[in-house]
Structures are given as structure tokens and as C-alpha cells.
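Here is how the chains run, residue by residue.
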Amino acid sequence: MERGVEWDFEPTLDRIAALLDLLGSPQAAYPVIHIAGTNGKTSTARLTEVLLKERNLRVGRFTSPHLVSVRERITVDGQPLSEERFAEVYEEIIPYVELTDAQGRRIQFFELLTAMAFAAFADTPVDVAVVEAGMGGSWDATNVADGVVSVITPISLDHTDRLGPDIPSIASEKAGIIKPGTTAVLAQQELAAAEVLMRQAAEVGAVVAREGLEFGVMSREVAMGGQLLTLRGLKGVYEDVYLPLYGSHQASNAVCALAAVEALTGGDDPLDADLVRQAFAQATSPGRMEVVRRTPTVVIDAAHNPGGMQATLEGMHEAFDFPKTIGVVAVMRDKDVDGLLELLEPLIDEIVVTRNSSPRSMSPEELASLAEPLFGEDRVHVVDRLDDAIDIGIGIADAQGEFSGTGVLITGSVVTAGDARRLLNVDGPS
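Conventions adopted
Residues numbered from 1 in each chain as written. Predicted model: local features only at pLDDT ≥ 70, side-chain atom pairs only at ≥ 80, totals over all residues. Heavy atoms only, no water. Helix = DSSP H or I, 4+ residues; strand = E, 2+ residues; numbered from the N terminus. Expected span 1.5 Å × (residues − 1). Bend = angle between axes of the 7 residues up to and from the residue. Buried < 20%, exposed > 50% of the residue type's maximum accessible area, 1.4 Å probe, protein only. Contact = heavy atoms within 4.5 Å. Pairing = 2+ DSSP bridges. 1 Å grid on protein atoms, 1.4 Å probe; cavity = no way out; pocket = protein on both sides within 12 Å on 5 of 7 lines; lining within 4 Å. Points joined across faces, edges and corners; volume = space filled by probe spheres on them. Nonpolar A, V, L, I, M, F, W, Y, C, P; charged D, E, K, R; others polar. Core = buried A, V, L, I, M, F, W, Y, C linked by side-chain atoms within 4.5 Å. Lys, Arg positive; Asp, Glu negative; His and termini not counted. Salt bridge = Lys/Arg side-chain N within 4 Å of Asp/Glu carboxyl O. Polar contact = N/O pair within 3.5 Å; in protein donor to acceptor, adjacent residues only side chain to side chain. Patch = residues over 30% accessible without salt bridge, like charges linked within 9 Å, V, L, I, M, F, W, Y side chains within 5 Å. Areas by Shrake-Rupley, 256 points an atom, 1.4 Å probe, with all protein chains shown as cover. Axes fitted to C-alpha atoms, helices over the stretch in contact; angles between N-to-C directions. Parallel < 35°, antiparallel > 145°, perpendicular 65-115°, else oblique. Left-handed = near helix turned anticlockwise from the far one by under 90°. Phe/Tyr/Trp six-rings, centres within 6.5 Å; stacked < 30°, edge-to-face > 60°.

Here we take up helix 3 (residues 83-102). Between its terminal C-alpha atoms helix 3 stretches 28 Å, which fits the 28 Å expected from 20 residues at 1.5 Å a residue. Along helix 3, the helix axis deviates most sharply at Ile93, where the bend reaches about 40 degrees; the proline Pro95 sits within four residues downstream. Of the residues making up helix 3, those classed as buried are Arg85, Phe86, Val89, Ile93, Ile94, Val97, Thr100 and Asp101. Summarising the contacts, the buried residues of helix 3 are in contact with helix 1 (14-22), strand 3 (74-76) and helix 4 (109-123). Backbone geometry just downstream of helix 3 places Gly104 in the positive-phi region, at approximately 85 degrees.

Pasting the structure below:
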């Protein structure tokens, strides 16, 4: 049955609320850590999950969008639902979906997946669910769950057609996940966003924990394959924490996850420091500054808005500092493409513009027309297919010589990252 596309929907909680009522409110069967924000949501969800799992809790995780398979979005104990289980959950809830449709509330694609996740978690059952908002917050389908802890990752401009034209209006939407009497964990924010979030927390009587004030990254140094951190949580200081992810933004995501788990945990005692170290040492975030090949080094990153790209570029300079970088770029046409290209230009020596598998992908020709005024025609290569573009990007890097240290960055969209992982035969994310 046609459910529309994920990015085109009518914002309301009426449909999903009606469906979950029929299902017996599965979202109320376990505590929820709810994550909203513009960038870093999926990484923060994964980092929260590894901490909870290390405490021997059964964890459900719902994230979006997926890189390769839609089943990645719904995981239990770090593993995506099997094909059989995914189909089973769908078959179990579809009669209730059709009943809701018949009431004049036609369930849409993301709502269906959200309901499947909540139902699968209740059926397992999980001890705690880590739930990432799809878009916005107030009217996002996931907001039918009342998070015991809400986490707001950094807010920047994205989805302005849906969420509003400026930071305060976007922050106002995201702030909708902060519920009465809960704890709001706030990543470092622009002042305009912080003011909105603090106002919402005050209005609903939520306890506020702010990165840089109540908790934060105390020290950080680059280490082989990642970074070594000292983290100040809400209940203690955790030293010598190895995180196998690159960039200061991932350190911030980690400390937000730490604060969220501490907030969920009763009492004033800190978490076991060895447990925190063991958990974060296992962390992965597929498609986020992910090294997928050496000689030449190929990095895949899902950055798709200027805020995300700025974090990626800072991480690239810090962790790799390639003498030359070849970019393979495919973007969505509804994004701030000029903003992305302006950020990329100082880092990238040659850019291969292409398309990804999404119908929303900007054509290589249109992307080239935006890139050429910034890069100059001689630095821009136009390639129609992503597989060929990757081959050409790697070929340009190879031509620099084995010891040139030239790197390749494949970026511009979550879809681009997922397509590239598939084309380069990277093991699927879990």
C-alpha cells in the first residue's frame, strides 16, 4: 500500500497517536531517551546505546534515515531486526494501520516505521529505548513517546521549508520533545537556540543539563584511529576514555550520551569508569568520517548541511590533514548546496560532482554549474554515476603517487554515504 515518501508529509501527531492507541500504547512500555537536533543525532543515539548495553540492559534503538537497509532503523541489542522479524512486525501492525486509514487518518511512511519500532521494542521487551526524532520535534511522529531524558544535539539551519527560516524557529520545533518533569540534556548551542530551549525547559519544569556548564569534554587529544578523552559527566569525571571516532563533534556527542545515561540512572553515584571506557571503545558510527579504504585513504561522511560539513572539515584537518584531498560529492537539491560547496572549497583540491540514488539528488550538471564559479572549471569533474565518480576520484588520488598522502572524501548526503558504502563493499552497519 502506497504510504508516500518520507520527506513529503502533513505534520501532525493525530495519525500516529490514533494508531498507537489501537496498538495499546507500546511506546509507554519502557523508558525512552529521546534525541532531537540538527546534526549528530544518530551518532549520539549509537553512543547512548553502547553505554546502556554495557550496563547489561536490553536496548531498542530507532534512528533515521538508513544508510543501506531500512531494517537498520530498528535495532535491538545493537542488531537490526532480521528480515523475518521486520516482516513479522509489519504483518502484526498492518491491520491496525488499515483501521486507522479507514478512520480518515492515512498513516504515512515514517509513522509506519515509528509504530513498528515502538511495537517491536514492547514485544521484545526492551529495558530502555533510544529514539531519534526524524525531523523537528513537536510534531515528529516519535514525539508520541514521552522521553524520560531528552537530548538536543547542535541546532543549525536545515529543513527550513518545514521547520522555519531561522535558528529560533527551528529550535522551537526541536524543543517540543522536552517534557514536564524530565531531564533535558543540551549540547553546546548557538545563543539563539539555547535561549529557546531554556525557555521551554523552564515552562515545563524540566531539569536542564548543558554541555560546557553541568557537563562537558575536559580534554581531548588525537589518538590512533580516534581520540582520547577526559569527560565530565553529571555525576563524575571519566579519564582515559578512548573513542574510535574522529572530530570534536563526536567527543561532544559522546559526553551528551554519557550525561543522558547518567540522568536516566538513579542515585548520585557516577557510572563505573571501566564500563564507560569499555562501552565507548566499541563505538561505531557508520558513514560518519568513516575510513573505508587505505592507499589512498577514502573517507565517507554523511554531512548534508553547513553545520554538519563544518564539523566534518574540522575533523578532517585534525585527524588526517591530507596534503591533497579529492572530493566526490553528491547532494540533495533541496539543501543549501552553495553553503556546502563554499565550506568544501578550501579543503578540496579537485571535486568530482555526481548524483546519488535518491530522486531528490541534484543532477551532476546543476551541481557543476554551482561548483565551477567557486572551484574553477579545471578543478571540477562531472560524472553521471556515483560508482564511476568514486573510481575517478580514487584514480586522481592514485595518480599523485603512492606516497603523496592524497586522500579522498565522499560526502554531501546520508544517501551518498550509504550508496558509497554499498559500492565499496563495506560491511553493513549494525
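Note on sheets: strands pair through backbone hydrogen bonds, and any given pair is parallel or antiparallel. An order of 4-3-2-5-1-6-7-8 is seen for the 8 strands of this open sheet, with the pairing classed as mixed. Lying at the two open borders of the sheet, with one neighbouring strand each, are strand 4 (79-80) and strand 8 (207-210). As paired strands, strand 2 (residues 59-62) and strand 5 (residues 128-132) are joined by 4 bridges and run parallel to one another. When the bridges of strand 5 are listed, Phe62 appears paired with Val131.

With that settled, consider empty space enclosed by the protein. Per the stated rule, a full pass over the model turns up 2 cavities of 30 Å³ or more. Estimates place the volume of the second largest cavity at around 30 Å³. Broken down by secondary-structure element, the contributors of at least two residues to the lining of the second largest cavity are strand 9 (216-223), strand 10 (226-232) and helix 10 (306-319). Split into classes, the residues belonging to the lining of the second largest cavity amount to 4 nonpolar, 3 polar and 2 charged.

Turning our attention to the nonpolar core. Within soluble globular proteins, side chains that are nonpolar tend to cluster in buried spots. Within the largest apolar cluster, 37 residues are counted, with the highest numbers of intra-cluster contacts made by Leu258, Val276 and Phe280. If you list the elements that add at least two residues to this core, you get strand 1 (32-36), helix 2 (41-54), strand 5, strand 6 (149-152), strand 10, strand 11 (237-243), helix 8 (248-264) and helix 9 (273-281). Among the elements that line this core, the one with the most residues is helix 8, at 9 residues. Among residues more than four places away in sequence, those in contact with Val276 are Leu51, Tyr238, Val241, Leu258 and Leu271.

Turning to its location among the elements, Lys235 is positioned in the loop between strand 10 and strand 11. Despite its burial, Lys235 pairs with no opposite charge; the closest candidate is Asp268, at 5.8 Å N-O. Looking at Lys235, its side chain comes within polar contact range of the main-chain oxygen of Glu262, at 2.9 Å. A polar atom in the side chain of Lys235 sits 2.5 Å from the backbone oxygen of Thr265. Among all residues touching Lys235, those that are not within four sequence positions of it are Glu262, Thr265, Gly266, Gly267, Asp268, Asp269 and Pro270.

On to a nonpolar patch on the surface, then. Taken together, the side chains of Leu22, Tyr96 and Leu99 make up a nonpolar region of the molecular surface, amounting to roughly 240 Å² of accessible area. What makes Leu99 partly exposed here is its relative accessible area of 43%.

On to the sheet that holds strand 14 (residues 325-329), then. In space, the 6 strands of this open sheet follow the order 12-13-17-14-15-16, with mixed pairing throughout. The open sheet has two free edges, formed respectively by strand 12 (290-293) and strand 16 (380-382), since each of these has just one partner strand. For this sheet, the mean angle separating the axes of adjacent strands, direction not counted, is 25 degrees. Bridge count for strand 12 against strand 13 (residues 297-300) is 3 bridges, and the pairing is antiparallel. Counted as the bridge partner of Arg293 is Val298 from strand 13. Contacts between helix 12 (residues 364-375) and the sheet are confined to strand 14, strand 15 (350-353) and strand 16, with strand 16 contributing the most and set at about 170 degrees to the helix.

Between helix 3 and helix 4, whose axes approach to 9 Å, the crossing angle comes to 110 degrees. Here helix 4 runs roughly perpendicular to helix 3, going by the angle between their axes. For the crossing formed where helix 3 meets helix 4, the hand is right-handed. Across from Arg85, Phe86, Val89, Tyr90, Ile93 and Val97 in helix 3, the residues of helix 4 making contact are Leu112, Leu113, Ala115, Met116, Ala119, Ala120 and Asp123.

With that settled, consider the packing of aromatic side chains. Within the structure shown, the criterion is met by 4 aromatic pairs. Pairing Tyr246 with Phe320 gives two aromatic rings, centres 4.9 Å apart and planes at 55 degrees, and the pair type is tilted. Pair noted here: Tyr246 is in the loop between strand 11 and helix 8 and Phe320 is in the loop between helix 10 and strand 14, with a separation of 74 residues, a long-range link. Judged by relative accessible area, which is 12%, Tyr246 ranks as buried.

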